Amino acid sequence: MFGNLVQIELIRLFKSKALKISAAIGAFLLIFMMTMIDYLMYLGALFFINNGDMSAPMFEISSFMLFYSMITALIAPVTVIYTTCGYQKARLSVNIEGAIRSRLKLCLSDLTGIALFVLILNLLVIPGVGLLCLVYLNEMNPISLITDLNTIYVFMSAFLSNMYGCLIAYLVSKFTSNSVLSMSVTMLYSVVSYVVIILLAGFVSGKKGSGLLIPNNLQELLFYVAFMIPVVALSIALAVRYKKADRI
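1. Examining the packing of aromatic side chains
Then step 1. Evaluation of the coordinates by the stated rule reveals 2 aromatic pairs.
Then step 2. On the numbers, 5.1 Å between centres and 70° between planes, the contact of Phe14 with Phe117 is edge-to-face. Separated by 103 residues along the polypeptide, Phe14 in helix α1 (residues 2-14) and Phe117 in helix α6 (residues 103-123) bring together distant segments of the chain.
Then step 3. Of the residues examined, Phe117 reaches a relative accessible area of 0% and is grouped as buried.

This is how it looks when you write it as structure tokens:
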């Protein structure tokens, strides 16, 4: 049954109109940005950017991976928001939650489906990178993708970052069927979180400058706590909301 619930969530995500529209816009933006990169490289901008330390093929591939990651970071949460809010607006929970009373199981199946969805979206960067490698086959060594660009680390970082954004979007969307409201709250959280991280980084840097030695492990812990507090708070609030709904 759990596998069926995950499959249902994947179907909802991949058949979402929000995914189709945002993916079309994202593909256009990606092509536009890569065209601009090619044009700037044609004008010789690469020499001024990195003083010739990186080859043109490697620079274009790294730019493609960066732009793709940025676009995916927008597409995935938007799809999750509209899918989750649409699920509640259409009252599909009446059918599914009536048969399965475990709220935790339902949420875990949703999150598993979202994780697979984000993973598949991130894996789609591989065909693009492979195509660029074929275009520049005579000008680069494919092994340098791992040694110079560290593509595995970049891929895992992009996946975890996108998954975190989708997790916040999912938790926020569980409180309302209004996708616009959910989108606004999620965007507000993104802005506030960036401000908090910048302030936290400035605090750590200032303490180091004043002579206070802060261990690296403690620095990482501070950032992890800053990221986890909203997730824990939203999870607790959602559990309380479900408990109240069950009592009615």
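After that view, the rundown keeps rolling.
2. A few points about the packing of α1 against α6
Then step 1. Where α1 meets α6, the axes come as close as 8 Å, and the angle between the chain directions of the two elements is 50°. When the axis of α1 is compared with that of α6, the two are oblique. Read as a crossing pair, α1 and α6 show a hand that is right-handed. Contacts between α1 and α6 involve Phe2, Leu5, Val6, Glu9, Leu10, Arg12, Leu13 and Phe14 from the former and Lys105, Leu106, Leu108, Ser109, Asp110, Thr112, Gly113, Ile114, Leu116, Phe117 and Ile120 from the latter.
Then step 2. A per-class count over the contact of α1 with α6 returns 12 nonpolar, 3 polar and 4 charged.

3. A look at the pattern of salt bridges
Then step 1. In this structure the tally under the stated criterion is 2 salt bridges.
Then step 2. Two residues, Arg12 and Glu9, come together in a salt bridge whose shortest N-O distance is 2.3 Å. In this pair, Arg12 and Glu9 are both assigned in helix α1, 3 residues apart and thus about one turn of the helix distant.
Then step 3. Relative accessible area serves as the criterion here: at 2%, Glu9 is assigned to the buried category.
Then step 4. Salt-bridge contacts for Arg12 lead to Asp110; the nearest nitrogen and oxygen are separated by 3.6 Å. Taken together, the residues Arg12 in helix α1 and Asp110 in helix α6 connect sequence positions 98 residues apart.
Then step 5. Since its relative accessible area comes to 18%, Arg12 is described here as buried.
Then step 6. Overall, Asp110 belongs to the buried group, its relative accessible area being 10%.
Then step 7. A single network of salt bridges, built from pairs that share partners, joins Glu9, Arg12 and Asp110.

4. Some remarks on the nonpolar core
Then step 1. Membership of the largest hydrophobic core comes to 44 residues, with the highest contact counts inside it found for Leu30, Phe64, Val80, Ile114, Phe117, Val118 and Val129.
Then step 2. The element best represented in this core is helix α4 (residues 56-89), accounting for 12 residues.
Then step 3. In contact with Val118, other than residues within four places in its own chain, are Ala76, Phe159, Asn162, Met163 and Cys166.

5. A word on the packing of α6 against helix α9 (residues 151-173)
Then step 1. The geometry of α6 relative to α9 is characterised by a closest axis approach of 10 Å and an angle of 140° between their N-to-C directions. Here α6 is positioned oblique relative to α9, judged by the angle of their axes. You can see that α6 and α9 cross each other, and the crossing is right-handed. Together, Cys107, Asp110, Leu111, Ile114, Ala115, Val118, Leu119, Asn122 and Leu123 of α6 and Phe155, Ala158, Phe159, Asn162, Met163, Cys166, Leu167 and Tyr170 of α9 make up the contact between the two elements.
Then step 2. The class makeup of the residues in the contact of α6 with α9 is 14 nonpolar, 2 polar and 1 charged.

Here is what the cut-offs are and how they apply
What you see as residue numbers is a count from 1 along each chain, following the sequence as written. Confidence filtering applies because this is a predicted model: local features only for residues at pLDDT of at least 70, side-chain atom pairs given and counted only at 80 or more, and all residues used for totals across whole chains, interfaces and linings. Hydrogens and water are ignored here; the side-chain numbers use all heavy atoms of the structure. In this analysis, rings of Phe, Tyr and Trp, with Trp reduced to its six-membered ring, are considered paired at centre separations within 6.5 Å, and the interplanar angle assigns stacked below 30 degrees, edge-to-face beyond 60, and tilted for intermediate values. Elements are defined by DSSP. Helices are runs of H or I of four residues or more, strands are runs of E of two residues or more, and each kind is numbered from the N terminus. In this scheme, a residue with accessible area under 20% of its type's maximum is buried, one over 50% is exposed, and one in between is partly exposed, where area comes from a 1.4 Å probe on protein chains only. Think of each axis as a best-fit line through the C-alpha atoms, taken over the contacting stretch in the case of a helix, with angles from 0 to 180 degrees between the N-to-C directions. Throughout this description, any angle smaller than 35 degrees is read as roughly parallel, any larger than 145 degrees as roughly antiparallel, any in the 65 to 115 degree range as roughly perpendicular, and the remainder as oblique. Left-handed is the label given to a crossing in which the near helix is rotated counterclockwise from the far helix by less than a right angle, and right-handed is the label when the rotation is clockwise. Pairs of residues are marked as contacts when any of their non-hydrogen atoms sit within 4.5 Å. For this scheme, ten residues count as nonpolar: Ala, Val, Leu, Ile, Met, Phe, Trp, Tyr, Cys and Pro. Four count as charged, namely Asp, Glu, Lys and Arg, and the remainder, Gly too, count as polar. By definition here, a salt bridge exists when the distance from a side-chain nitrogen of Lys or Arg to a carboxyl oxygen of Asp or Glu is within 4 Å. Definition of nonpolar core: a set of buried residues of the types Ala, Val, Leu, Ile, Met, Phe, Trp, Tyr and Cys, connected through side-chain atoms within 4.5 Å.

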